[in-house]
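# Remarks on the overall topology
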Amino acid sequence: MPERLRERTTRLCHVDYVLRCWRELRHPCRAVPALETALAEYDDVHARDKDLYMSWLADSYMTAGEVAQAAP
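Residues numbered from 1 in each chain as written. Predicted model: local features only at pLDDT ≥ 70, side-chain atom pairs only at ≥ 80, totals over all residues. Heavy atoms only, no water.

In total, this model carries three salt bridges according to the counting rule given. Among the salt bridges present, the one from arginine 26 reaches aspartate 59, with a minimum N-O distance of 2.9 Å. Separated by 33 residues along the polypeptide, arginine 26 in the loop between α1 (3-24) and α2 (28-41) and aspartate 59 in helix α3 (residues 47-63) bring together distant segments of the chain. Classification of arginine 26 as partly exposed rests on a relative accessible area of 47%. Aspartate 49 is the salt-bridge partner of arginine 48, the closest N and O atoms lying 3.3 Å from each other. (Salt bridge = Lys/Arg side-chain N within 4 Å of Asp/Glu carboxyl O. Helix = DSSP H or I, 4+ residues; strand = E, 2+ residues; numbered from the N terminus. Buried < 20%, exposed > 50% of the residue type's maximum accessible area, 1.4 Å probe, protein only.)

Set out below in structure tokens:
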């Protein structure tokens, strides 16, 4: 595996772990900015991951009481 691909894969796995932790711990104030950053970095090639993160983002907004933000 090329080094650049390995670095990106490692970073995305770390991002996924961190995002999941913030979401599961119900810390929307930390999860929302991290999710928005992660979504901005993903290409449309990663549609499944983007959809998953978008659902986590909506859930985090709902947890924070931001119902209007949760609905696209």
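All right, on to the side chain of lysine 50 then. Among the structural elements, lysine 50 can be located in helix α3. Given the relative accessible area of 17%, lysine 50 is considered buried. Leave out the neighbours within four places in its chain, and lysine 50 touches Leu39, Tyr42, Asp43 and Asp44. (Contact = heavy atoms within 4.5 Å.)

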